[in-house]
Amino acid sequence: MKVTYLCPHCRSAINAGNNIILSAKSSANKVSLILLHEEIGNYTSDLSASLTVEKGEVVDLFCPVCHESLNIPQKDALAKYIRIDDNCNECYIIISRKYGENITFKVDEKKQVDSYGEKLSRFIDPEWFLFL
Ligand SMILES: [Zn+2]
């Protein structure tokens, strides 16, 4: 009954305990670890001590294992990683990189999109996920 999150580049597991662990870089080029709750729609997060991020600030997100970017190119401050549930179903999770913006999208193999968190007008048009 355990969910695994993977880096889309190296496919290393990036969750431990109840957290997804990512590397984050602020606009001031400070780097830190960020912990996101693994439950979809739970926006509890923690930063390690080397970074402070203001609400509304956009951070770059990286795999903590291979250091590849998780940012979605061309897309509006989004990042993605892979989720595998206990039935071995694989999907993409897409999150906002804007601190304090509590949105999540789950995109399955059939490009079916589920949306969680706040409803933001800039994401009403679902065309963006075709770039995945
Ligand atoms: Zn990786």
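Bear in mind the structure is a predicted one, so any value in this text is a computation, not a measurement.

Reading guide: rules and limits
Residues numbered from 1 in each chain as written. Predicted model: local features only at pLDDT ≥ 70, side-chain atom pairs only at ≥ 80, totals over all residues. Heavy atoms only, no water. Helix = DSSP H or I, 4+ residues; strand = E, 2+ residues; numbered from the N terminus. Buried < 20%, exposed > 50% of the residue type's maximum accessible area, 1.4 Å probe, protein only. Pairing = 2+ DSSP bridges. Axes fitted to C-alpha atoms, helices over the stretch in contact; angles between N-to-C directions.

K.L.:
Just checking my understanding: could you explain unusual backbone geometry for this structure?
P.N.:
Most peptide bonds take the trans form, and the phi angle of most residues other than glycine is negative. In this model, Asn 29 sits at a positive phi of 65 degrees, which is unusual for a non-glycine residue. Looking at the element boundaries, Asn 29 is found in the loop between strand S3 (19–25) and strand S4 (31–37). The class for Asn 29 is exposed, based on a relative accessible area of 55%. Although it is not a glycine, His 67 adopts a positive phi angle of roughly 65 degrees. Examined against the element boundaries, His 67 turns out to sit in the loop between strand S6 (60–62) and strand S7 (78–84). For His 67, a relative accessible area of 54% corresponds to the exposed category.

K.L.:
Explain the sheet that holds strand S8 (residues 90–96) here, please?
P.N.:
Strands pair in a sheet through their backbones, by hydrogen bonds, and they do so in one of two ways: parallel or antiparallel. Pairing is antiparallel across the open sheet formed by 5 strands, whose spatial order is S1-S7-S8-S9-S10. This sheet does not close on itself; its edge strands, each paired only once, are strand S1 (4–6) and strand S10 (113–117). Pairs of neighbouring strands in the sheet enclose a mean axial angle of 30 degrees, with direction left out of account. Here 4 bridges tie S8 to strand S9 (residues 103–107), and the two strands are oriented antiparallel to one another. Bridge assignment links Ile 95 to a residue of S9, and that residue is Thr 104.

K.L.:
Would you take a moment to explain the pairing of S9 for this structure?
P.N.:
Regular strands place their side chains on alternate faces of the sheet. When you tally the buried positions in S9, you get 5 out of 5 residues, the bulk of the element. Along S9, one buried face is formed by Ile 103, Phe 105 and Val 107 and the opposite face, lined by Thr 104 and Lys 106, is buried too. Hairpin connection from S8 to S9: 6 residues lie between these consecutive antiparallel strands, with Gly 100 at a positive phi of about 95 degrees. The pairing of S9 with S10 spans 5 bridges and is classified as antiparallel. Opposite Lys 106, over in S10, you have Asp 114 as the bridge partner. Connecting S9 to the antiparallel partner S10 that follows it, the hairpin turn spans 5 residues, and Lys 111 within it adopts a positive phi of roughly 65 degrees.

No statement about biological role is implied by the geometric values presented.
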